[in-house]
Amino acid sequence: MIIHDNYKNADSAEQLMRARYSAFVLHMVDFLYETFHPTSRRFQKKAEIEQWSKENQWIGLDVIKATENTVEFRAFYLDSAGNDFNHHEKSRFQKLHGTWYYLDGKVLA
């Protein structure tokens, strides 16, 4: 939980990714918003982040591969109708002034 107390405590892209996943589980909208890279944060809407977080029941995370700046993962969830889904993404992270941020991600099949 220490990363949730201060996202600047993330020592790697993978640590920040794992903290972001658990922030979705815990509906920590401000944490999710603040960990977007400043260049992409302005395109985010807290209401949409909160909706995505709350309308799904998050049931698991599988980190497939992590490099210094990328994390490929699958996040497993149930939608509001109880349908089983997984979100497969390769995320890019960037360190800015010593702090890791989520830059963007590409959804994979």
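See above for the structure.
Peer 1: Describe the pairing of strand β2 (residues 70-78), listing the residues and the values that go with them.
Peer 2: Across eight bridges, strand β1 (residues 57-66) lies against β2 in antiparallel orientation. If you follow A66 over to β2, its bridge partner there is V71. Connecting β1 to the antiparallel partner β2 that follows it, the hairpin turn spans three residues. With nine bridges joining them, β2 and strand β3 (residues 84-96) adopt antiparallel strand pairing. If you follow F73 over to β3, its bridge partner there is E89. Connecting β2 to the antiparallel partner β3 that follows it, the hairpin turn spans five residues, and G82 within it adopts a positive phi of roughly 85°.

Peer 1: Give me the nonpolar core: which residues, what numbers.
Peer 2: Grouped together as the largest cluster of nonpolar side chains are 26 residues, with contacts concentrated most on L16, M17, F31, I49, W58, V71 and F93. With seven residues, the top contributor of residues to this core is helix α2 (residues 13-26). Each residue touching L16, except ones within four places of it in the same chain, is listed here: A10, F31, T35, F93, W100, Y101 and Y102.

Peer 1: I'd like a rundown of the sheet that holds strand β4 (residues 99-107), residues and numbers included.
Peer 2: Ordered by their spatial adjacency, four strands build an open sheet running β1-β2-β3-β4, and the pairing between neighbours is antiparallel. For this open sheet the edge positions go to β1 and β4, each flanked by a neighbour on one side alone. Each neighbouring strand pair of the sheet contributes to a mean axis angle of 30°, computed without reference to strand direction. Where α2 meets the sheet, its contacts fall on β1, β2, β3 and β4, and the angle it forms with β1 comes to roughly 170°.

Definitions and cut-offs
- Position numbers for residues count from 1 along each chain, tracking the sequence in the order it is written.
- Totals for whole chains, interfaces and linings use all residues, but because this is a predicted model, local features are given only for residues with pLDDT of at least 70 and pairs of side-chain atoms are given and counted only at 80 or more.
- Derived side-chain values reflect all non-hydrogen atoms in the structure, with water molecules and hydrogen atoms excluded from consideration.
- Think of it this way: DSSP has to see at least two bridges between two strands before they count as a pair.
- Numbering of helices and strands runs from the N terminus; a helix is a DSSP stretch of H or I covering at least four residues, while a strand is a stretch of E covering at least two.
- To form a nonpolar core, buried Ala, Val, Leu, Ile, Met, Phe, Trp, Tyr and Cys residues must be joined to one another through side-chain atoms within 4.5 Å.
- Whether a residue is buried, partly exposed or exposed follows from its accessible area with a 1.4 Å probe, protein chains only, as a fraction of its type maximum: under 20%, in between, or over 50%, in that order.
- Residues count as neighbours in contact if any of their non-hydrogen atoms are within 4.5 Å of one another.
- Lines fitted to C-alpha atoms define the axes, with helix axes restricted to the stretch in contact, and inter-axis angles between N-to-C directions lie between 0 and 180 degrees.

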